Amino acid sequence: MSEELATGPKESPPAPRAGPREVWKKGGRLLSVLLAVNVLLLACTLISGSAFNKVAVYDTDVFALLTTMMLLAVLWILFYLLRTVRCPGAVPYRDAHAGPIWLRGGLVLFGICTLVMDVFKTGYYSSFFECQSAIKILHPLTQAVFVIVQTYFLWVSAKDCIHTHLDLTRCGLMFTLTTNLAIWMAAVVDESVHQAHSHSSSHGNTSYTRLTQDWERAGSAAGGDCSCNTAVCQVFQQGYFYLYPFNIEYSLFASTMLYVMWKNVGRLLASSTHGHSHTPSPISLFRETFFVGPILGLILFVVGLAVFIIYEVQVSGETGRTQQALVIYYIFNIVCLGLMTLVSLSGSVIYRFDRRAMDHHKNPTRTLDVALLMGAALGQYAISYYSIVAVVVGTPRDLLAGLNLAHALLMIAQHIFQNVFIIESLHRGPPGDETHGTPPREPCQGLTFANLDALHTLPACPPPAELVGPSPAGPQEAVSITSAPKDHWRSRCLKDISLFLLLCNIILWIMPAFGARPHFSNTVEVDFYGYSLWAAIVNICLPFGIFYRMHAVSSLLEVYVLS
């Protein structure tokens, strides 16, 4: 007896020991942020300057800078991986919330598409190697190596809370993050220039010539005719432009994961992890739904693809066909955005009956998700408000102007209600975590009794709702008490809402990411603001709107798991 008292209950294994507590964490973070800001400003200056033919900065200068940054980032990643392998105590904690499987899976998917884009880009520049600088071929090859190394690094280290060489690690993570943002800016500018070049070629618009002429400027500056005349060259050229959206999303996905790693440097975690887990059910994605949300979402997804194909085919044709394509495009978007607004609002109403407690624990991943949702939505807000002013103040009062106005208003409403629904969902506790004000569940629920007579001696146990036993052969057979959860319908509704919004956000990402630009085909804003100003507004704000859709997909998948 004395030995039992001395031993006591089994203790959980002690948490891994971390290094000495950091004296001034904000000082290390400040140093890394200053490094990132200066490098990013340098990259932004070169990238933006290379887009205009009046600035003596060529795309070869941008490629040289990006290649150097990627090589340095690869060297640092290899150093980090080698250091953590040789020093197992360098990572005493791992953040369970960081790097969920769907985020890493999306990173791998976009990384594979980026590698295909690098193959097309290498083939394109190799088609006229004689008149091109060698850096144009070296850049996609370096980017392929960078993508492979970084994807492996984020797959194995996204959850790390490292506790050695803190300032060096922060600077390395911030430099790698800045490299991804510079690649993102270069891809956005290149795609915007390509879109402007296509628009000016098809519509004969010369007000944007100073930007579009630079698209082929560097080739002539290198000496020689670098026109892409062969069929293979044109296939490579169109191929890598169509794969740009995946490269853009890869850079942004990697940046978000690197930021969470940067926040977790030197972080101390408790032995028990609070909050919810990022482990989806491996059985079936649609098992616990009413199937209404997935089916309706798939219908809108297929219809949206058809509308996008019709728009792309007809918008470059005659004026009458362009107007018809715009009407179809706006009607589909109005229906889709209206349904998404109502569904998001209904999800918020369902949460009014949800008894789960709010999760207020520190979670850098969730904080970043909320900030990105709110920040990225500003780009679409800006475009919508500019469109509203142009339609209301402008002279046209036709059907197209009315559809444009309804589309802009619904776009604002949809972003607001969807953000409210997603943010509230991310702050809900895990299933079964109810507030203290709710009555406790029956103490007998979920228990198994070997003696049925003993059940009636417990005063706290009400008459059993359902007794399940293997056979009535003997009274001593084990029986269990089960009951259906009362909140099961809410969980199913929330899962349906999440899957419906997820599919709708995917199709609304595909349309602008792969070239749908009703902002230029519809001449209301172009005539009101002028092509140069309107193109600058769209090219700056639209990338944030495109990123919002894909980030909303990632957040909605997490909402589905938490429901």
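No experiment lies behind these values; they were computed from the predicted model shown. (Residues numbered from 1 in each chain as written. Predicted model: local features only at pLDDT ≥ 70, side-chain atom pairs only at ≥ 80, totals over all residues. Heavy atoms only, no water.)

As a further point, take the overall build of the chain. When its secondary structure is counted, the chain shows 18 helices and five strands. Per-residue burial for the chain yields a buried fraction of 51% across its 563 residues. When contacts within the chain are restricted to residue pairs at least 6 apart in sequence, long-range pairs at least 24 apart make up 87% of them. Counting only carbon and sulfur atoms, one obtains 67% of the accessible surface of the chain, whose full area is about 26900 Å². (Helix = DSSP H or I, 4+ residues; strand = E, 2+ residues; numbered from the N terminus. Buried < 20%, exposed > 50% of the residue type's maximum accessible area, 1.4 Å probe, protein only. Contact = heavy atoms within 4.5 Å. Areas by Shrake-Rupley, 256 points an atom, 1.4 Å probe, with all protein chains shown as cover.)

In this structure, Phe153, Phe421 and Trp509 are the most contacted members of the largest nonpolar core, which totals 136 residues. The element best represented in this core is helix H18 (residues 531–562), accounting for 16 residues. Sequence-distant contacts of Phe421, defined by excluding residues within four places in its chain, comprise Ser344, Gly347, Ser348, Tyr351, Leu494, Ile497, Ser498, Leu501, Leu556 and Val559. (Core = buried A, V, L, I, M, F, W, Y, C linked by side-chain atoms within 4.5 Å.)

Next up on the list: the confidence of the model for the chain. For the chain, the average pLDDT comes to 78, and 74% of its residues sit at 70 or higher. No element of the chain has a lower mean pLDDT than strand S5 (residues 479–481), which averages 42, and none a higher one than helix H5 (residues 135–157), which averages 94. Note on residues 272–278: pLDDT is under 50 here. Beyond four places in sequence and across chains, it has 23 contacts. (pLDDT = per-residue confidence, 0-100.)

So, about helix H9 (residues 231–242). The end-to-end C-alpha distance of H9 is 17 Å, a good match for the 16 Å that twelve residues give at a rise of 1.5 Å each. All buried positions along H9 are accounted for by Cys233, Gln237, Gly239, Tyr240 and Phe241. (Expected span 1.5 Å × (residues − 1).)

Moving on, we get to the packing of aromatic side chains. A full pass over the atoms with the stated rule returns 25 aromatic pairs. Ring centres 5.8 Å apart and planes at 75° place the aromatic pair Tyr240 and Tyr244 in the edge-to-face group. Residues Tyr240 and Tyr244 agree in their burial class; the two are buried. Considering the side-chain rings of Tyr529 and Trp534, the 5.8 Å spacing of their centres and the 10° angle between planes classify their relative orientation as stacked. (Phe/Tyr/Trp six-rings, centres within 6.5 Å; stacked < 30°, edge-to-face > 60°.)

To continue, consider the side chain of His415. Within the secondary structure, His415 sits in helix H14 (residues 399–426). Not counting chain neighbours up to four residues away, the residues in contact with His415 comprise Ala377, Gln380, Tyr381, Tyr548 and Arg549.

Across its 26 residues, helix H15 (residues 488–513) extends 37 Å between first and last C-alpha, which sits within 8% of the 38 Å expected from 1.5 Å per residue. Here H15 lies mainly inside the structure; 22 of its 26 residues are buried. Phi turns positive one or two residues past the end of H15, at Gly515, with a value near 115°.

Attention now goes to a nonpolar patch on the surface. Where nonpolar side chains cluster on the molecular surface, the patch consists of Leu345, Val349, Phe353, Ile416, Phe417 and Val420 and spans about 500 Å² of accessible area. When contributions to the nonpolar patch are tallied by element, the ones reaching two or more residues are helix H12 (319–351) and H14. Per element, the largest residue contribution to the nonpolar patch is three residues, and it comes from H14. Structurally, Phe417 is set in helix H14. Judged by its relative accessible area of 30%, Phe417 is partly exposed. (Patch = residues over 30% accessible without salt bridge, like charges linked within 9 Å, V, L, I, M, F, W, Y side chains within 5 Å. Salt bridge = Lys/Arg side-chain N within 4 Å of Asp/Glu carboxyl O.)

Packed helices, taken two at a time, are described by the angle between their axes plus the distance between the axes. At their nearest, the axes of helix H4 (residues 101–126) and H9 sit 8 Å apart, and the two run at 145° to each other. The handedness of the crossing between H4 and H9 comes out as left-handed. On H9, the residues that touch Met117, Phe120, Lys121, Gly123, Tyr124 and Tyr125 of H4 are Cys233, Val235, Phe236, Gln237, Gly239 and Tyr240. Its residues placed into classes, the contact of H4 with H9 shows eight nonpolar, three polar and one charged. (Axes fitted to C-alpha atoms, helices over the stretch in contact; angles between N-to-C directions. Left-handed = near helix turned anticlockwise from the far one by under 90°. Nonpolar A, V, L, I, M, F, W, Y, C, P; charged D, E, K, R; others polar.)

Attention now moves to unusual backbone geometry. Unlike most non-glycine residues, His165 shows phi in positive territory, near 50°. Tracing the backbone through its elements, the reader meets His165 in the loop between strand S2 (160–161) and helix H6 (166–203).

This next bit is on the pattern of salt bridges. For the coordinates displayed, the defined rule picks out four salt bridges. Between Lys136 and Asp59 there is a salt bridge; the shortest N-O distance is 3.2 Å. Taken together, the residues span a long stretch of sequence, with Lys136 in helix H5 and Asp59 in helix H3 (residues 59–86) at a distance of 77 residues. We classify Lys136 as buried; its relative accessible area is 4%. Residue classification places Asp59 among the partly exposed residues on the basis of a relative accessible area of 21%.

Tracing the sequence through the fold places Asn229 in the loop between helix H8 (217–221) and H9. Residue classification places Asn229 among the exposed positions, given a relative accessible area of 61%. Spatially, the C-alpha atom of Asn229 lies 9.5 Å from that of Ser127, the residues being 102 residues apart in sequence.

Okay, the environment of Leu42 next. Inspection of the secondary structure puts Leu42 in helix H2 (residues 25–49). For Leu42 and Leu65, which are 23 residues apart along the polypeptide, the C-alpha to C-alpha distance reads 9.3 Å.

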